[in-house]
Amino acid sequence: MMRKKTLSMVALAGATALTLAACGGGGDATDDGTAGGGETGAADGTTMRLSLNQTEEHPSFIALDNFGERLSEATDGRWDIEVYPNEVLGAQQESLQLVSEGGVEMAIVSGTQLENLNEDFLVFNLPKVFDDVEHQMSVVHDQEIVGDLYSSLEESDNLTVLGGFTQGARSVYTTSTAVETPADMAGMNLRVQESDLHIAMAEALGASATPMAFGEVYTALQSGVLDAGENNEVSYWTQKHFEVAPYWSYTNHLVGLDYLIINSDVLASMSEEDRAAFDEEWTAAYEEHTQLWDEATQDAIEQATAGGATFSEVDEEAFAEPLLALADQFINNDVQQALYDAARAAAE
Ligand code: GCU
C-alpha cells in the first residue's frame, strides 16, 4: 500500500528549494487575520500561493484566479490568492508536502493524492460512485457527509480540505487504436494517478497500470513508455495529449474529483469576518467551475477533433462489472462504507 508514506517521504530538498523560489506577496498572517506588521490594506495583505497542475485556459485556473480577485475585494486586500499553474510549484505530490509544511498555502490536488494520506478518501475515487457532475458536487459539498473526512488531515498533516472541483467523466485514450472492450486493452500500459485503487482500476479496464505524475504523461505517451492515458476531455486538450494519443474511447469509467486544500494554520489565522468572506467566495468559485465545465468540455472536443483526434463510443457494459467490483474490493471499514452509502443514497 502507498498509504501514509507520502508526506514523510517526499523529497524535502526539492520542497525547500521550491519554498525559497516561491514569492509570497505579503507578510505572515497573524491571529487577527491582518497582515504581518499589523497594518491593513492591499499592499500589506497576505497573498496565498496556490499550486495547480493545469494550464491557464483550464476552468480550474480561471475559477481560482477569479476567487482570488473577489477575496481580495471582499477583505479589503487583507487576503489574496496567487495561482501558480503548470506544476511550477511542483507536481501534486510535492504540492501536498509544501502545503502541509506551510511553504505554499494552498493547492488543488486530485482525490487520489489524499487517499494516500487517509484511505477513507478512496471512496470518492471509486469508479461509478458518482453518476454525474451534479450528483458529485451535491455529495462533496454536503457537510453532513464530508465534514469529518475533510478535517481528518488537520492533526496529522496540518491540511484542511475545503471542497472540490469536478474532473468530469474520465475515459481512455490510446496512441495506436481505439478500444471497444477490455480485451482490446490487453498488453497496453495505461497511465494512472498514484493510487492503489487506480492501479487496480487499470487492471479492471483490461490494461497494465503505470502510475505517474500528470506532467510526465505527454512525453511518456510520445516516447512509447505508455500506450494509453485516461482523463477528461479538458485535460486531454489543454495538456495536448491528443497530439500523441489521438484515439479517445468513451469508457466513462469515473467521475473524478479534485480538492482544494489549505494549510490549517493559515486558515485558522483568518479573522471570523475574513473566513466568512473566504467561504462565500470559495462557494462561488466551485459553482463557477461547474458552470464552466460543460462548455470547456465541448470546446476541448472540438479543438482536439480539429487537431486530428477521434472520439469513439465503447461497449460500456463490457467494462462495467469489473469496475463495480472495485467497491467491494477496496471498502474495508465502516467510515468508508458510510461515505459510500451516503454518496449512493444521494444519487437516488
Ligand atoms: C485531471 C485532474 C488533475 C489530475 C489529472 C491527472 O486533470 O484535474 O488534478 O492531476 O487529472 O490525471 O493526474
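Thresholds applied
Residues numbered from 1 in each chain as written. Predicted model: local features only at pLDDT ≥ 70, side-chain atom pairs only at ≥ 80, totals over all residues. Heavy atoms only, no water. Phe/Tyr/Trp six-rings, centres within 6.5 Å; stacked < 30°, edge-to-face > 60°. Helix = DSSP H or I, 4+ residues; strand = E, 2+ residues; numbered from the N terminus. Buried < 20%, exposed > 50% of the residue type's maximum accessible area, 1.4 Å probe, protein only. Near = heavy atom within 4 Å. Polar contact = N/O pair within 3.5 Å; in protein donor to acceptor, adjacent residues only side chain to side chain. Areas by Shrake-Rupley, 256 points an atom, 1.4 Å probe, with all protein chains shown as cover. Nonpolar A, V, L, I, M, F, W, Y, C, P; charged D, E, K, R; others polar. pLDDT = per-residue confidence, 0-100. Contact = heavy atoms within 4.5 Å. Pairing = 2+ DSSP bridges.

1. What about the packing of aromatic side chains?
What the rule picks out here adds up to 16 aromatic pairs. Note on Phe67 and Phe278: the rings are 5.4 Å apart at their centroids and 50° apart in plane angle, and the pair reads as tilted. Of this pair, Phe67 sits in helix α3 (residues 59-74) while Phe278 is found in helix α13 (residues 272-306), placing the two residues 211 residues apart along the sequence. The pair Phe67 / Phe278 is uniform in exposure class, with both members buried.

2. Overview of the site of the ligand
The environment of the ligand is made up of Asn53, Gln54, Gln92, Ser110, Gln167, Arg170, Arg191, Gln193, Phe214, Asn231, Ser235 and Asp258. Note that an oxygen atom of the ligand is positioned 2.8 Å from one of the side-chain N or O atoms of Arg170. Between Ser235 and the ligand, the recorded distance is 2.8 Å, taken from a side-chain N or O atom to an oxygen atom. Protein chains bury 98% of the 310 Å² of accessible surface belonging to the ligand in isolation. The residue inventory of the shell around the ligand, partitioned by class, reads 1 nonpolar, 8 polar and 3 charged.

3. Describing the confidence of the model for the protein
Summarising the model, the protein shows a mean pLDDT of 90, and 88% of its residues fall at 70 or more. For the stretch residues 1-6, pLDDT sits under 50, and the model shows 18 contacts to residues farther than four places along the chain or on other chains. For residues 8-42, every residue scores under 50 in pLDDT, and the model assigns this stretch 59 contacts once sequence neighbours within four places are set aside.

4. Examining the side chain of Glu115
As for its placement among the helices and strands, Glu115 is situated in helix α5 (residues 111-115). Looking at Glu115, the relative accessible area reads 5%, which means it is buried. In this structure Glu115 touches Phe121, Leu122, Asn125, Ser195, Asp196 and Leu197, once residues within four positions along its chain are discounted.

5. With respect to the environment of Asp274
Its location among the elements puts Asp274 in helix α13. Assessed through its relative accessible area of 1%, Asp274 is described here as buried.

6. A closer look at the pairing of strand β4 (residues 159-174)
Of all 16 residues in β4, 15 are buried, a share of seventy percent or more. In terms of strand pairing, β4 meets strand β8 (residues 247-263) through 12 bridges, oriented antiparallel. Bridged to Gly163 within β8 is Leu260. Here β4 pairs with strand β7 (residues 228-231) via 4 bridges, running antiparallel. Counterpart to Tyr173 in the pairing with β7 is Gly229.

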